[in-house]
Amino acid sequence: MPRGIPMRSSLRSRDSSSTSTGIDPRERIKDCCRKLVEFMCTQVGVGGLVVGYAIVGAFGFISIEGQVDPTASVCVREYIRQEYADELWFSTASNQSVNIFNRTTFYMVSNSILKQYQENITKRQKDKCNGLTPVDQWSFPAALMFCLSVFTMIGYGSLVPKTQVGKGATVIYAVLGIPLYVLYFLNMGKVLAQTFKWLYTRLYECTGQRKPGQRIIVPSTACLWVIFGYILAGSIMFAEWEQWDYLDSTYFCVTSLCKIGMGDLVPGWSQSTQDSQTKLIINFVYLLLGMGLIAMCYNLMREEVYVKARELKEQLNQAMDAVNYKLMTCCKSEPTD
C-alpha cells in the first residue's frame, strides 16, 4: 500500500501538467482536420482540390502507362510505307507477267498490296497510333488532359490506357473524380456568378437607370454573350495555333465545353514537341475555366427564371383576386326593376 501512494501522486501530477500545458494533441489534430475540410469545401479549396486531383492522376497514369514496352505499342508510319513499297517492288519485279507491261496484271498485283497497306493504316488509326512511344504519348500535359477528360466526362478518346491496371485505375479515378467535378461546378458557378453580378450592377448604376430598392437581375442575353465571346476567343486561338479553319476550331470549342468530346480534333495531341505540350496545358486551363463560366451562366439564368416565375405567380394571383372580386360583387348585387 505505501507504494501506491507515490504512483497516484505521479498520475495526478501528469494530469495537472497536461491540463496546464494546453489542449490535448488529439484535439488539435481533430481541429486541424476540421479546418482543412471546411477550407476544401470553399470555392478556393474546391478549385485547388480539382487541380491537385488532376496533377496526382497525371503522375499516376504516367507511372502506369509509361512503362509499357515501346516495341509492343509503337507504330512507325515511315517503316510501314517502306515495308509495303518493298513488297510492291519485289512483287512486280519478280512477276514475269508484270514485266512484260501487262497492265491488267500490274493493277491487280499493286491494288492488292495497296489495299493491305490501306487496311493496316486504318487499323492503326483506330488504335490511335501516331508513331510516338508510350513515354512521349503519356507526357505530363497529355496525362493532365486525359485526367480532365475523365472526371469532367468529356472523354476525347484520343489517349486511352492500354494496360489492365490503367483501365482499372481509370474506373476508380472517374468514380472519385466526377463528384469532385460536380462540387467544383457548383462552387465555381456561385463565385463567378456573384462576381459577374457585382460588375453588372456597377455598370447598371453608372447608367443612372437603377431605382431605389430595385433588385438587379443579370439577363440571359448577357450570359449568352459571355459564352459567345469565350468560344470566339478560343476559336481564334486554336485556329491560329493548329492551322485549323474557324469552323473546325469552333466545332472543337463547342463540343468540348458541352462535354460531347468527339476527340477527332484535340490541340497539340499528335506531337510531342515543346510547343504542343504548351498547347495541352493552355487547353486544360481553357476548358476548366470555360466550364466554370458555364456554371456561372447556369446560376445567373436560374436566378432570372426564378424571379420571372415568382413575378408571374404574383400576377396570376392578382388576376385571380380580381376575377374573384368581380364574381363576388356580381353575386351580391340585387337585380333592378
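Refer to the structure presented above.
Residues numbered from 1 in each chain as written. Predicted model: local features only at pLDDT ≥ 70, side-chain atom pairs only at ≥ 80, totals over all residues. Heavy atoms only, no water.

Participant: What am I meant to see in the state of the cysteines here?
Facilitator: By definition, a disulfide links the sulfur atoms of two cysteines through a covalent bond. This model, assessed by the stated rule, comprises 0 disulfides. Free of any disulfide, cysteine 297 has its nearest neighbouring cysteine sulfur in cysteine 223, separated by 4.4 Å. (Disulfide = S-S within 2.5 Å.)

Participant: Can you walk me through the packing of aromatic side chains in this structure?
Facilitator: Where two aromatic rings form a pair, the distance of their centres and the angle of their planes describe that pair. Counted under the stated rule, the structure contains 19 aromatic pairs. Look at tyrosine 156 and phenylalanine 252: their rings are 6.2 Å apart centre to centre, the planes differ by 20°, and that puts the pair in the stacked class. One end of the pair, tyrosine 156, is in the loop between helix H9 (140-151) and helix H10 (164-206); the other, phenylalanine 252, is in helix H12 (residues 246-257), and 96 residues separate them in sequence. Exposure remark for phenylalanine 252: the relative accessible area of 1% places this residue in the buried category. A ring pair is formed by tyrosine 200 and tyrosine 204, whose centres lie 6.3 Å apart and whose planes are at 25°; its orientation type is stacked. A residue pair is termed a helical-turn pair when its members lie 3 or 4 positions apart in one helix, as tyrosine 200 and tyrosine 204 do in helix H10 at 4 residues. Residue classification places tyrosine 200 among the partly exposed positions, given a relative accessible area of 23%. (Phe/Tyr/Trp six-rings, centres within 6.5 Å; stacked < 30°, edge-to-face > 60°. Helix = DSSP H or I, 4+ residues; strand = E, 2+ residues; numbered from the N terminus. Buried < 20%, exposed > 50% of the residue type's maximum accessible area, 1.4 Å probe, protein only.)

Participant: I keep staring at the nonpolar core and nothing clicks. Help me out?
Facilitator: If you look at soluble globular proteins, the nonpolar side chains tend to sit buried side by side. In this structure, Phe151, Tyr173 and Leu287 are the most contacted members of the largest nonpolar core, which totals 49 residues. When contributions to this core are tallied by element, the ones reaching two or more residues are helix H3 (43-65), H9, H10, helix H11 (220-242), H12 and helix H13 (274-332). Broken down by element, this core gets its largest block of residues, 10 residues, from H13. Beyond its immediate sequence surroundings of up to four residues, phenylalanine 151 is in contact with Val50, Tyr53, Ala54, Tyr173, Gly177, Ile178 and Tyr181. (Core = buried A, V, L, I, M, F, W, Y, C linked by side-chain atoms within 4.5 Å. Contact = heavy atoms within 4.5 Å.)

Participant: In this structure, what is going on with H10? I would like to understand it.
Facilitator: Counting along an α-helix, one turn takes 3.6 residues, and residues three or four places apart therefore face a common direction. With 43 residues, H10 extends 61 Å between its outermost C-alpha atoms, agreeing within 8% with the 63 Å of an ideal straight helix rising 1.5 Å per residue. A bend of about 30° at glycine 177 is the largest found in H10, and the proline proline 179 appears one to four places after it. Taking the backbone nitrogen of glycine 166 as reference, a side-chain oxygen 3.0 Å away marks threonine 163 as the first, capping residue of H10. Of the residues trailing H10, glycine 208 is marked for its positive phi of about 75°. (Expected span 1.5 Å × (residues − 1). Bend = angle between axes of the 7 residues up to and from the residue. Polar contact = N/O pair within 3.5 Å; in protein donor to acceptor, adjacent residues only side chain to side chain.)

Participant: Honestly, the side chain of threonine 255 in this entry has me stumped. Any pointers?
Facilitator: Note on placement: threonine 255 falls in helix H12. Relative accessible area serves as the criterion here: at 9%, threonine 255 is assigned to the buried category. Beyond its immediate stretch of four places on either side in the chain, threonine 255 contacts Ile260, Gly261 and Met262.

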